[in-house]
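Structure assessment
The primary structure of each chain is shown beneath.
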Amino acid sequence: MNTNIFEEVTKGSLQLKNRIAMAPMTRARNEDGIPKDFNAEYYAQRTGAGLIITEGTAISSTSKGVLHIPGLYTTEQTEGWKLVTSAVHGKGSKIYTQLWHVGRVSHVSNQPDRQAPVAPSDIQAANSNAWGYDENGKEGFVISSKPRALETNEVKQIVQDFATAAQNAIKAGFDGVELHGANGYLIEQFLNPFINNRTDEYGGSIENRSRFLLEAIDASIEAIGADKVAIRLTPYGGLHELPQYEEIEETYHYLATELSKRNISYIHIMDQKSRGSFALPEGFMERFRNWYDGVIILAGGMTKEKSQELLDAGIIDIAAFGEDFIANPDLVERLKNNWPLTPPKRELHYGLTMEGYLDWEVYNKN
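Residues numbered from 1 in each chain as written. Predicted model: local features only at pLDDT ≥ 70, side-chain atom pairs only at ≥ 80, totals over all residues. Heavy atoms only, no water.

A look at the UniProt feature "domain: NADH:flavin oxidoreductase/NADH oxidase N-terminal" (unreviewed entry) in the chain
The sites that carry the UniProt feature "domain: NADH:flavin oxidoreductase/NADH oxidase N-terminal" (unreviewed entry) are, in the present numbering, residues 5–340. In this annotation, residues 5–340 is assigned 34% helix and 18% strand; the end-to-end C-alpha distance for the span is 18 Å. (UniProt positions renumbered as here; feature names shortened; annotations may be inferred. Helix = DSSP H or I, 4+ residues; strand = E, 2+ residues; numbered from the N terminus.)

Here you go:
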(Lines give C-alpha, C1' and ligand atoms only; values in the text may rest on other atoms or scores of the structure.)
Protein backbone atom coordinates (compact mmCIF):
# COMPACT_ATOMS: atom_id res chain seq x y z
CA MET A 1 0.00 0.00 0.00
CA ASN A 2 1.34 3.40 -0.97
CA THR A 3 1.56 5.77 1.98
CA ASN A 4 3.51 8.63 0.39
CA ILE A 5 2.36 11.72 2.24
CA PHE A 6 2.19 13.74 -1.00
CA GLU A 7 0.15 11.25 -3.03
CA GLU A 8 -3.60 10.86 -3.20
CA VAL A 9 -5.46 8.59 -0.84
CA THR A 10 -8.88 7.02 -0.60
CA LYS A 11 -9.64 5.67 2.86
CA GLY A 12 -13.05 5.27 4.39
CA SER A 13 -15.21 8.19 3.28
CA LEU A 14 -12.22 10.41 2.45
CA GLN A 15 -10.85 10.89 -1.05
CA LEU A 16 -7.96 13.35 -0.83
CA LYS A 17 -5.26 14.61 -3.18
CA ASN A 18 -2.64 14.01 -0.46
CA ARG A 19 -2.32 12.88 3.16
CA ILE A 20 -1.79 16.38 4.56
CA ALA A 21 -4.49 18.19 6.52
CA MET A 22 -4.60 21.81 7.64
CA ALA A 23 -5.52 21.67 11.33
CA PRO A 24 -8.22 23.94 12.80
CA MET A 25 -6.93 27.28 14.10
CA THR A 26 -8.87 30.17 15.58
CA ARG A 27 -8.21 33.38 13.64
CA ALA A 28 -10.98 35.69 15.01
CA ARG A 29 -11.50 37.73 11.84
CA ASN A 30 -15.33 37.91 11.75
CA GLU A 31 -16.73 40.76 13.81
CA ASP A 32 -20.34 39.80 13.05
CA GLY A 33 -19.73 36.03 13.01
CA ILE A 34 -20.44 35.77 9.27
CA PRO A 35 -17.71 34.47 6.90
CA LYS A 36 -16.71 36.86 4.09
CA ASP A 37 -14.74 36.89 0.82
CA PHE A 38 -11.48 37.37 2.73
CA ASN A 39 -12.07 34.12 4.64
CA ALA A 40 -12.60 32.36 1.31
CA GLU A 41 -9.31 33.82 0.05
CA TYR A 42 -7.47 32.73 3.22
CA TYR A 43 -8.58 29.11 2.93
CA ALA A 44 -8.13 29.03 -0.86
CA GLN A 45 -4.49 30.14 -0.38
CA ARG A 46 -3.91 26.99 1.70
CA THR A 47 -5.46 24.40 -0.61
CA GLY A 48 -2.16 22.58 -1.02
CA ALA A 49 -3.65 20.51 1.81
CA GLY A 50 -5.80 17.58 0.73
CA LEU A 51 -8.10 18.27 3.69
CA ILE A 52 -8.76 21.62 5.33
CA ILE A 53 -10.41 21.74 8.75
CA THR A 54 -11.67 25.22 9.52
CA GLU A 55 -11.25 27.26 12.64
CA GLY A 56 -13.58 26.39 15.52
CA THR A 57 -17.10 27.45 14.54
CA ALA A 58 -19.74 28.37 17.11
CA ILE A 59 -22.81 26.09 17.31
CA SER A 60 -24.91 28.62 19.26
CA SER A 61 -24.84 32.12 20.71
CA THR A 62 -23.79 30.71 24.10
CA SER A 63 -21.02 28.40 22.83
CA LYS A 64 -18.34 31.09 22.33
CA GLY A 65 -15.26 32.01 24.34
CA VAL A 66 -13.52 34.13 21.73
CA LEU A 67 -14.73 37.34 20.11
CA HIS A 68 -15.14 37.56 16.32
CA ILE A 69 -15.37 33.84 15.56
CA PRO A 70 -17.71 32.60 12.82
CA GLY A 71 -20.78 30.50 13.58
CA LEU A 72 -23.10 28.00 11.93
CA TYR A 73 -26.37 28.64 13.73
CA THR A 74 -27.94 31.38 11.56
CA THR A 75 -28.95 31.53 7.90
CA GLU A 76 -26.54 34.41 7.29
CA GLN A 77 -23.60 32.44 8.69
CA THR A 78 -24.50 29.40 6.62
CA GLU A 79 -24.68 31.54 3.46
CA GLY A 80 -21.32 33.15 4.29
CA TRP A 81 -19.60 29.78 4.55
CA LYS A 82 -20.69 28.95 0.98
CA LEU A 83 -18.04 31.42 -0.22
CA VAL A 84 -15.37 29.42 1.62
CA THR A 85 -16.43 25.92 0.61
CA SER A 86 -16.82 26.96 -3.03
CA ALA A 87 -13.33 28.51 -3.10
CA VAL A 88 -11.71 25.44 -1.52
CA HIS A 89 -13.54 22.95 -3.75
CA GLY A 90 -12.50 25.02 -6.76
CA LYS A 91 -8.87 24.21 -5.87
CA GLY A 92 -9.48 20.47 -5.49
CA SER A 93 -9.37 20.17 -1.69
CA LYS A 94 -11.92 18.82 0.77
CA ILE A 95 -13.10 20.95 3.68
CA TYR A 96 -14.62 20.07 7.06
CA THR A 97 -15.67 22.61 9.66
CA GLN A 98 -14.89 22.22 13.34
CA LEU A 99 -18.01 22.56 15.53
CA TRP A 100 -17.12 24.26 18.80
CA HIS A 101 -18.64 24.75 22.23
CA VAL A 102 -16.11 26.12 24.74
CA GLY A 103 -18.11 25.37 27.90
CA ARG A 104 -16.44 26.98 30.91
CA VAL A 105 -13.56 28.55 28.93
CA SER A 106 -15.64 31.66 28.31
CA HIS A 107 -16.32 35.07 29.82
CA VAL A 108 -19.54 36.91 30.51
CA SER A 109 -18.63 39.36 27.72
CA ASN A 110 -18.79 36.45 25.24
CA GLN A 111 -22.30 35.54 26.38
CA PRO A 112 -25.73 36.98 25.55
CA ASP A 113 -26.78 39.51 28.26
CA ARG A 114 -23.50 38.82 30.10
CA GLN A 115 -24.88 35.59 31.53
CA ALA A 116 -22.59 32.96 33.08
CA PRO A 117 -21.01 30.43 30.71
CA VAL A 118 -22.31 26.86 30.99
CA ALA A 119 -20.31 23.75 31.86
CA PRO A 120 -20.75 20.23 33.27
CA SER A 121 -20.20 21.66 36.77
CA ASP A 122 -19.77 25.08 38.35
CA ILE A 123 -15.97 24.74 38.63
CA GLN A 124 -14.19 27.80 37.29
CA ALA A 125 -11.16 27.68 34.97
CA ALA A 126 -9.66 30.43 37.11
CA ASN A 127 -6.25 30.45 35.39
CA SER A 128 -7.50 30.13 31.81
CA ASN A 129 -8.18 32.93 29.37
CA ALA A 130 -11.08 33.63 27.09
CA TRP A 131 -10.82 36.44 24.51
CA GLY A 132 -13.37 39.07 25.45
CA TYR A 133 -13.80 42.55 26.92
CA ASP A 134 -12.37 43.60 30.28
CA GLU A 135 -14.20 45.81 32.81
CA ASN A 136 -13.15 48.89 30.79
CA GLY A 137 -14.49 47.48 27.54
CA LYS A 138 -11.01 46.81 26.18
CA GLU A 139 -10.62 43.73 24.00
CA GLY A 140 -8.07 41.08 24.95
CA PHE A 141 -7.42 38.04 27.12
CA VAL A 142 -9.73 37.87 30.15
CA ILE A 143 -9.93 35.23 32.89
CA SER A 144 -12.75 32.76 32.29
CA SER A 145 -15.86 33.53 34.33
CA LYS A 146 -17.36 31.13 36.89
CA PRO A 147 -19.70 28.82 34.95
CA ARG A 148 -23.17 27.55 35.72
CA ALA A 149 -23.74 23.79 35.75
CA LEU A 150 -26.01 22.62 32.94
CA GLU A 151 -29.35 21.04 33.76
CA THR A 152 -29.83 17.56 32.29
CA ASN A 153 -32.34 18.81 29.70
CA GLU A 154 -29.92 21.60 28.71
CA VAL A 155 -27.21 19.03 27.95
CA LYS A 156 -29.64 17.36 25.57
CA GLN A 157 -30.32 20.73 23.91
CA ILE A 158 -26.61 21.26 23.26
CA VAL A 159 -26.51 17.78 21.67
CA GLN A 160 -29.17 19.08 19.27
CA ASP A 161 -27.22 22.31 18.70
CA PHE A 162 -24.32 20.20 17.38
CA ALA A 163 -26.70 18.33 15.05
CA THR A 164 -28.30 21.56 13.77
CA ALA A 165 -24.89 23.11 13.11
CA ALA A 166 -23.89 19.92 11.28
CA GLN A 167 -26.97 20.24 9.05
CA ASN A 168 -26.12 23.88 8.38
CA ALA A 169 -22.56 22.85 7.50
CA ILE A 170 -23.80 20.52 4.77
CA LYS A 171 -26.15 23.25 3.48
CA ALA A 172 -23.07 25.50 3.32
CA GLY A 173 -21.24 22.98 1.14
CA PHE A 174 -18.86 21.42 3.66
CA ASP A 175 -17.75 17.84 3.05
CA GLY A 176 -18.23 17.07 6.74
CA VAL A 177 -17.89 18.28 10.32
CA GLU A 178 -15.35 17.69 13.08
CA LEU A 179 -16.76 17.95 16.61
CA HIS A 180 -14.31 19.70 18.93
CA GLY A 181 -13.80 17.16 21.70
CA ALA A 182 -10.35 18.46 22.60
CA ASN A 183 -8.25 21.19 24.26
CA GLY A 184 -10.27 21.48 27.47
CA TYR A 185 -13.54 22.62 25.89
CA LEU A 186 -17.06 21.41 26.68
CA ILE A 187 -16.95 17.84 25.38
CA GLU A 188 -13.61 17.16 27.09
CA GLN A 189 -14.86 18.85 30.28
CA PHE A 190 -17.53 16.15 30.49
CA LEU A 191 -14.87 13.43 30.09
CA ASN A 192 -12.73 14.65 32.99
CA PRO A 193 -13.88 13.48 36.47
CA PHE A 194 -12.16 16.42 38.18
CA ILE A 195 -14.18 18.92 36.13
CA ASN A 196 -17.37 16.85 35.84
CA ASN A 197 -18.84 16.19 39.30
CA ARG A 198 -22.37 15.51 38.03
CA THR A 199 -24.61 12.91 39.64
CA ASP A 200 -27.02 12.48 36.70
CA GLU A 201 -26.59 10.24 33.64
CA TYR A 202 -23.71 12.46 32.41
CA GLY A 203 -21.45 12.04 35.46
CA GLY A 204 -19.68 9.32 37.44
CA SER A 205 -18.62 6.30 35.37
CA ILE A 206 -16.57 6.40 32.17
CA GLU A 207 -19.71 5.47 30.24
CA ASN A 208 -21.67 8.33 31.79
CA ARG A 209 -18.93 10.91 31.30
CA SER A 210 -18.60 9.79 27.67
CA ARG A 211 -22.36 9.99 27.10
CA PHE A 212 -22.44 13.64 25.99
CA LEU A 213 -19.71 13.08 23.40
CA LEU A 214 -21.39 9.99 21.97
CA GLU A 215 -24.85 11.58 21.97
CA ALA A 216 -23.48 14.62 20.08
CA ILE A 217 -21.84 12.25 17.57
CA ASP A 218 -25.02 10.18 17.21
CA ALA A 219 -27.24 13.24 16.73
CA SER A 220 -24.84 14.56 14.09
CA ILE A 221 -24.79 11.16 12.36
CA GLU A 222 -28.57 11.15 12.31
CA ALA A 223 -28.55 14.65 10.82
CA ILE A 224 -25.93 14.24 8.07
CA GLY A 225 -24.65 10.63 7.99
CA ALA A 226 -21.70 8.91 9.68
CA ASP A 227 -19.42 9.37 6.65
CA LYS A 228 -19.54 13.16 7.19
CA VAL A 229 -19.00 13.21 10.98
CA ALA A 230 -15.59 13.27 12.70
CA ILE A 231 -14.17 14.28 16.08
CA ARG A 232 -11.00 15.80 17.50
CA LEU A 233 -9.61 14.39 20.76
CA THR A 234 -6.67 15.24 23.02
CA PRO A 235 -5.97 12.21 25.22
CA TYR A 236 -3.69 13.17 28.12
CA GLY A 237 -4.17 16.82 27.27
CA GLY A 238 -4.14 19.37 30.08
CA LEU A 239 -5.06 22.60 28.31
CA HIS A 240 -7.43 24.91 30.19
CA GLU A 241 -6.77 23.27 33.54
CA LEU A 242 -7.82 19.71 32.89
CA PRO A 243 -6.03 17.59 35.52
CA GLN A 244 -4.71 14.15 34.61
CA TYR A 245 -6.90 11.32 35.94
CA GLU A 246 -6.32 7.62 36.51
CA GLU A 247 -8.74 6.30 33.88
CA ILE A 248 -7.45 8.30 30.89
CA GLU A 249 -6.31 5.24 28.95
CA GLU A 250 -9.49 3.34 29.82
CA THR A 251 -11.64 6.32 28.78
CA TYR A 252 -10.06 6.62 25.33
CA HIS A 253 -10.10 2.85 24.85
CA TYR A 254 -13.86 2.96 25.51
CA LEU A 255 -14.32 5.92 23.13
CA ALA A 256 -12.24 4.27 20.39
CA THR A 257 -14.34 1.10 20.69
CA GLU A 258 -17.63 3.01 20.61
CA LEU A 259 -16.57 5.28 17.74
CA SER A 260 -15.36 2.25 15.74
CA LYS A 261 -18.92 0.89 15.83
CA ARG A 262 -20.23 4.12 14.31
CA ASN A 263 -18.05 4.19 11.18
CA ILE A 264 -17.40 7.92 11.43
CA SER A 265 -15.20 9.76 8.93
CA TYR A 266 -12.11 10.05 11.12
CA ILE A 267 -10.69 10.66 14.59
CA HIS A 268 -8.28 13.60 14.78
CA ILE A 269 -5.84 13.33 17.70
CA MET A 270 -3.67 16.19 18.85
CA ASP A 271 -0.49 15.77 20.87
CA GLN A 272 -0.52 18.80 23.18
CA LYS A 273 3.21 18.72 23.87
CA SER A 274 3.51 21.24 21.03
CA ARG A 275 1.27 23.58 23.05
CA GLY A 276 3.32 23.28 26.23
CA SER A 277 1.04 20.68 27.84
CA PHE A 278 1.37 16.95 28.51
CA ALA A 279 2.73 14.76 25.71
CA LEU A 280 1.05 11.58 24.53
CA PRO A 281 2.77 8.71 26.36
CA GLU A 282 5.17 6.45 24.48
CA GLY A 283 3.21 3.77 22.63
CA PHE A 284 -0.20 5.41 23.05
CA MET A 285 -0.77 5.97 19.31
CA GLU A 286 0.13 2.34 18.58
CA ARG A 287 -2.38 1.20 21.20
CA PHE A 288 -5.03 3.57 19.88
CA ARG A 289 -4.52 2.17 16.38
CA ASN A 290 -5.22 -1.31 17.77
CA TRP A 291 -8.45 -0.07 19.35
CA TYR A 292 -9.68 1.98 16.37
CA ASP A 293 -9.84 0.68 12.81
CA GLY A 294 -10.97 3.89 11.07
CA VAL A 295 -9.06 6.87 9.69
CA ILE A 296 -6.68 8.49 12.20
CA ILE A 297 -5.31 12.02 11.79
CA LEU A 298 -2.52 13.21 14.08
CA ALA A 299 -1.52 16.82 14.76
CA GLY A 300 0.93 18.50 17.11
CA GLY A 301 4.59 19.12 16.33
CA MET A 302 4.44 17.21 13.05
CA THR A 303 7.27 17.31 10.52
CA LYS A 304 7.52 15.73 7.09
CA GLU A 305 9.85 13.02 8.45
CA LYS A 306 7.75 12.22 11.52
CA SER A 307 4.57 12.13 9.43
CA GLN A 308 6.03 9.76 6.84
CA GLU A 309 7.40 7.48 9.55
CA LEU A 310 3.99 7.19 11.27
CA LEU A 311 2.26 6.64 7.92
CA ASP A 312 4.71 3.92 6.94
CA ALA A 313 4.16 2.21 10.29
CA GLY A 314 0.40 2.26 9.69
CA ILE A 315 -0.21 4.20 12.91
CA ILE A 316 -1.84 7.21 11.22
CA ASP A 317 -3.50 7.84 7.85
CA ILE A 318 -3.21 11.63 7.56
CA ALA A 319 -0.80 14.16 9.09
CA ALA A 320 -2.17 17.52 10.20
CA PHE A 321 -0.17 20.74 10.40
CA GLY A 322 -1.39 23.80 12.27
CA GLU A 323 0.60 26.96 12.87
CA ASP A 324 2.99 26.25 9.98
CA PHE A 325 0.05 26.81 7.62
CA ILE A 326 -0.53 30.35 8.91
CA ALA A 327 2.78 31.83 7.72
CA ASN A 328 3.25 29.36 4.86
CA PRO A 329 0.16 29.24 2.65
CA ASP A 330 2.20 27.03 0.29
CA LEU A 331 3.27 24.69 3.12
CA VAL A 332 2.75 21.50 1.12
CA GLU A 333 5.04 22.71 -1.69
CA ARG A 334 7.64 23.78 0.86
CA LEU A 335 7.57 20.38 2.56
CA LYS A 336 7.76 18.57 -0.77
CA ASN A 337 10.77 20.59 -1.93
CA ASN A 338 12.45 20.97 1.48
CA TRP A 339 12.19 24.73 1.21
CA PRO A 340 12.57 26.73 4.46
CA LEU A 341 9.47 27.70 6.45
CA THR A 342 8.55 31.28 7.35
CA PRO A 343 8.07 31.65 11.12
CA PRO A 344 4.61 32.92 12.18
CA LYS A 345 3.97 36.11 14.13
CA ARG A 346 1.83 35.03 17.06
CA GLU A 347 0.85 38.60 17.92
CA LEU A 348 -1.09 38.62 14.59
CA HIS A 349 -2.92 35.30 15.04
CA TYR A 350 -6.09 37.01 16.31
CA GLY A 351 -7.76 40.32 15.58
CA LEU A 352 -9.70 41.96 12.80
CA THR A 353 -6.74 43.09 10.69
CA MET A 354 -5.79 41.46 7.39
CA GLU A 355 -2.15 41.75 8.45
CA GLY A 356 -0.90 38.30 9.38
CA TYR A 357 -3.90 36.78 7.63
CA LEU A 358 -3.83 37.25 3.87
CA ASP A 359 -0.38 38.82 3.39
CA TRP A 360 1.91 35.78 3.79
CA GLU A 361 3.98 35.13 0.68
CA VAL A 362 4.65 31.89 -1.13
CA TYR A 363 8.25 30.75 -1.40
CA ASN A 364 10.33 32.49 -4.05
CA LYS A 365 12.90 30.07 -5.50
CA ASN A 366 14.82 32.78 -7.37
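Moving on, there is more to tell.
Some remarks on unusual backbone geometry
Unusually for a residue other than glycine, Arg114 sits at a positive phi of about 55°. Looking at where Arg114 falls in the secondary structure, it is placed in the loop between strand 5 (94–100) and strand 6 (118–119). The phi torsion at Asn183 lies on the positive side, around 55°, for a residue other than glycine. Structurally, the position occupied by Asn183 is in the loop between strand 10 (176–181) and helix 4 (186–191). Using a relative accessible area of 6% as the deciding quantity, one classes Asn183 as buried. (Buried < 20%, exposed > 50% of the residue type's maximum accessible area, 1.4 Å probe, protein only.)

Some words on a negative patch on the surface
A cluster of like negative charges, contributed by Glu347, Glu355, Asp359 and Glu361, occupies part of the molecular surface. Take Glu361: its relative accessible area is 63%, and that puts it in the exposed class. (Patch = residues over 30% accessible without salt bridge, like charges linked within 9 Å, V, L, I, M, F, W, Y side chains within 5 Å. Areas by Shrake-Rupley, 256 points an atom, 1.4 Å probe, with all protein chains shown as cover. Salt bridge = Lys/Arg side-chain N within 4 Å of Asp/Glu carboxyl O. Lys, Arg positive; Asp, Glu negative; His and termini not counted. Charge placed at Lys NZ, Arg CZ, Asp CG, Glu CD.)

Regarding empty space enclosed by the protein
Applying the stated criterion to the full structure yields one cavity of 30 Å³ or more. Its boundaries defined by the atoms lining it, the largest cavity holds a volume of some 60 Å³. Lining the largest cavity we find 13 residues, and of these Glu188, Asn192, Gly237, Tyr245 and Tyr252 sit closest to its centre. When residues of the lining of the largest cavity are traced back to their parent elements, those giving at least two are helix 4 and helix 6 (248–262). (1 Å grid on protein atoms, 1.4 Å probe; cavity = no way out; pocket = protein on both sides within 12 Å on 5 of 7 lines; lining within 4 Å. Points joined across faces, edges and corners; volume = space filled by probe spheres on them.)

Here's the deal with the sheet that holds strand 5
The strands making up a sheet associate through hydrogen bonds between their backbones, and the pairing can be parallel or antiparallel. Sheet architecture is closed into a barrel: eight strands sit in the order 3-4-5-10-11-12-13-14, paired in parallel fashion. Adjacent strand axes in the sheet meet at a mean angle of 25°, parallel and antiparallel pairs treated alike. Alignment of strand 3 (residues 20–22) against strand 4 (residues 51–58), held across two bridges, turns out to be parallel. Its bridge partner lying in strand 4, Met22 is registered against Ile52. Running over the sheet, helix 2 (residues 75–90) touches strand 4 and strand 5 and is turned about 145° from strand 5. (Pairing = 2+ DSSP bridges. Axes fitted to C-alpha atoms, helices over the stretch in contact; angles between N-to-C directions. Contact = heavy atoms within 4.5 Å.)

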